[in-house]
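An overview of the molecular structure
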Amino acid sequence: MANTNNNLTKVVAQLTKHLSPRNKDIISRRFGLKSGKKETLESIGKSYGITRERVRQIEEFSINQLAKAVDGNSDVAKYVAQSKAVVARNGGVMKETDVFQEINGNTKENVANASLVFVLTLAGEPARYPENESFHTFWAVDRTSLNAFVASVDTMVKGLEKSKTLVPEAELTAFAEQVGVANLDLEAVLATSKQLSRNVFGEVGLAIWPEVKPKGVRDKAYLVLKREQDPKHFTDIAKLINSIGFSDKKANIQTVHNELIKDARFVLVGRGMYGLS
C-alpha cells in the first residue's frame with residue numbers, strides 16, 4: 001500500500017506543478033492533498049482576504065484546467081481502471097470509504113485517499129455522488145449506473161413510506177420488484193443510503209423509524225414486545241432488551257419499568273405485566 005500511496009502523491013504533484021502558487025494552494029486545501037483534511041471555501045477565503053465565491057471560482061477554473069491535462073495520462077488511467085474494477089467487482093456501486101479500503105487499505109481521512117479522489121475527479125470516472133442528506137458519498141462505475149441507483153433507492157424509500165411496514169431481508173427483493181425496482185443490491189443500498197437501514201432483527205425500513213433505530217429504552221421495549229406478541233413482565237422486557245444486544249449499554253430494570261409507565265404505547269395488563277396498547 002505504501003508504494004501506491006507514494007505513486008498517488010507523485011501523480012498529484014505532477015498534475016498540479018503548472019498551477020499558480022495560489023491556485024495550487026487552494027486546490028490542495030480544498031481536496032486535502034497535504035493534510036488529508038478538506039478545508040471550506042470560507043476558511044480559505046479568509047486566509048486570502050477574498051470571498052468564498054471567489055475561492056469556488058478559482059477551484060472550478062483550476063479543476064477544468066487540470067481535467068484537460070489528465071487526458072492520455074497513463075498514471076491517471078491506471079487509477080481510473082483500478083477504481084472502476086473495484087467498484088464493478090462490488091456490484092457497480094460502492095461507498096467511498098470502502099473504495100478507500102480496497103485501494104489504499106485505510107478508510108480514514110489521509111493524503112492518499114484525498115489524492116485518489118482528486119485524480120478520479122479530474123478524470124471524471126468512476127462517477128462520484130457527494131454526501132448529502134440522503135446518501136453517504138459513493139462511487140458508481142458510470143453516471144448511468146449512478147443515476148439508476150439513486151432513482152431505485154428513492155423508489156424504495158417512497159414504497160416504504162407508503163407501506164409503513166418493516167420488510168424482512170429475505171423478502172426485500174420481492175418488495176423491491178413490487179414497487180418497481182429490479183436487481184437490488186441490498187448491501188450497497190444499506191451502505192450508502194442514510195434513509196434506509198436494517199434493525200437488529202434484520203428487518204429493513206426507514207432509518208427514522210424507531211423500530212429500525214430505537215433511540216431509547218421505550219423504543220427498544222416496543223420493538224421486543226411487538227416481536228414477542230405477548231405481554232411480558234417488565235423484568236423480562238429488560239432481559240430481552242439486553243439479550244438482543246441493541247448496544248453495549250445495559251438496560252436497567254427499574255428504568256425500563258419507569259419508561260413503560262410513561263409511554264402510551266404500553267398498557268398494564270397485570271401486576272408488572274405490560275403489553276402493547
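Just so you know, these numbers come straight off a predicted model, no measurement behind them.

With that settled, the discussion passes to the nonpolar core. With 29 residues, the main nonpolar core has Leu116, Phe118 and Val119 as its most contacted residues. Where this core is concerned, the elements lending two or more residues are helix H1 (2–16), helix H2 (21–31), helix H4 (52–69), helix H5 (74–89), helix H6 (96–104) and helix H7 (111–123). Apart from residues lying up to four places away in sequence, Val119 is in contact with Leu8, Val11, Val12, Leu15, Val76 and Tyr79. In terms of nonpolar packing, the next biggest core, distinct from the first, is built from 28 residues, Val150, Leu166, Val189 and Leu196 among them.

Glancing now at unusual backbone geometry. Note the cis peptide between Glu125 and Pro126, where omega equals -10 degrees. Relative to the assigned elements, Pro126 resides in the loop between H7 and strand S2 (127–129). In this structure, Lys164 is a non-glycine residue whose phi angle is positive, near 55 degrees. Looking at the element boundaries, Lys164 is found in the loop between helix H8 (143–163) and strand S4 (167–168). The exposure class assigned to Lys164 is exposed, which follows from its relative accessible area of 66%. Unlike most non-glycine residues, Gln229 shows phi in positive territory, near 65 degrees. In this structure, Gln229 sits in the loop between helix H11 (217–228) and strand S7 (232–233). The class for Gln229 is exposed, based on a relative accessible area of 67%.

Applying the stated criterion across every chain yields a total of 6 aromatic pairs. Measuring from ring centre to ring centre gives 5.3 Å for Phe138 and Phe149, while their planes differ by 65 degrees; the resulting arrangement is edge-to-face. One end of the pair, Phe138, is in strand S3 (residues 138–140); the other, Phe149, is in helix H8, with 11 residues separating them in the sequence. The pair Phe138 / Phe149 is uniform in exposure class, with both members buried.

This paragraph deals with the pattern of salt bridges. Tallying each qualifying case throughout the model produces 21 salt bridges. We note a salt bridge from Glu42 to Lys46, for which the minimum N-O separation is 3.9 Å. A residue pair is termed a helical-turn pair when its members lie 3 or 4 positions apart in one helix, as Glu42 and Lys46 do in helix H3 (residues 41–48) at 4 residues. On the basis of relative accessible area, Glu42 is assigned to the partly exposed category, the value being 46%. A salt bridge links Glu228 to Lys232, with the shortest nitrogen-to-oxygen separation between them at 3.6 Å. Glu228 sits in the partly exposed class, given a relative accessible area of 32%.

This next bit is on the pairing of strand S9 (residues 273–276). Strand direction decides the pairing type here: S7 and S9, joined by 2 bridges, are antiparallel. Looking at the pairing, His233 lines up with Met273 of S9. Looking at chain direction, strand S8 (residues 266–270) and S9 are connected through 4 bridges and run antiparallel. Bridge pairing links Phe266 to Leu276 in S9.

This part takes up the sheet that holds S7. Pairing is antiparallel across the open sheet formed by 3 strands, whose spatial order is S7-S9-S8. The open sheet has two edge strands, S7 and S8, and neither has a second partner.

Turning next to the sheet that holds strand S6 (residues 203–206). Read across the open sheet, the 3 strands follow the order S4-S6-S5; overall the sheet is antiparallel. A strand with exactly one partner marks an edge of an open sheet, and here the two such strands are S4 and strand S5 (196–198). Bridging between S4 and S6 involves 2 bridges; their strand directions are antiparallel. Directly across from Pro168, in S6, lies its bridge partner Glu203. Set on the sheet, H8 makes contact with S4, S5 and S6; between it and S6 the angle comes to about 90 degrees.

Cut-offs applied
Every chain begins its residue count from 1, and numbering advances along the sequence as written. Owing to the predicted nature of the model, reporting of local features is limited to residues with pLDDT of at least 70; listing and counting of side-chain atom pairs is limited to 80 or more, with chain, interface and lining totals taken over all residues. To obtain the side-chain values, all non-hydrogen atoms of the structure were used and water was disregarded. Note on terminology: a nonpolar core comprises buried Ala, Val, Leu, Ile, Met, Phe, Trp, Tyr and Cys residues joined through side-chain atoms within 4.5 Å. Note on exposure labels: buried denotes an accessible area under 20% of the residue type's maximum, exposed denotes more than 50%, and partly exposed covers the range between, all computed with a 1.4 Å probe on protein chains only. Strands here mean DSSP runs of E at least two residues long; helices mean DSSP runs of H or I at least four residues long; both are numbered from the N terminus. It only takes one pair of heavy atoms within 4.5 Å for two residues to be counted as in contact. Only centres within 6.5 Å qualify two rings of Phe, Tyr or Trp (six-membered ring in Trp) as a pair; their planes then separate them into stacked at under 30 degrees, edge-to-face at over 60, and tilted for everything else. Each reported salt bridge corresponds to a side-chain nitrogen of Lys or Arg within 4 Å of a carboxyl oxygen of Asp or Glu. By this definition, two strands are paired if DSSP reports at least two bridges between them. In this analysis, axes come from line fits to C-alpha atoms, helices being fitted only over the stretch in contact, and the angle between any two N-to-C directions falls in the range 0 to 180 degrees.

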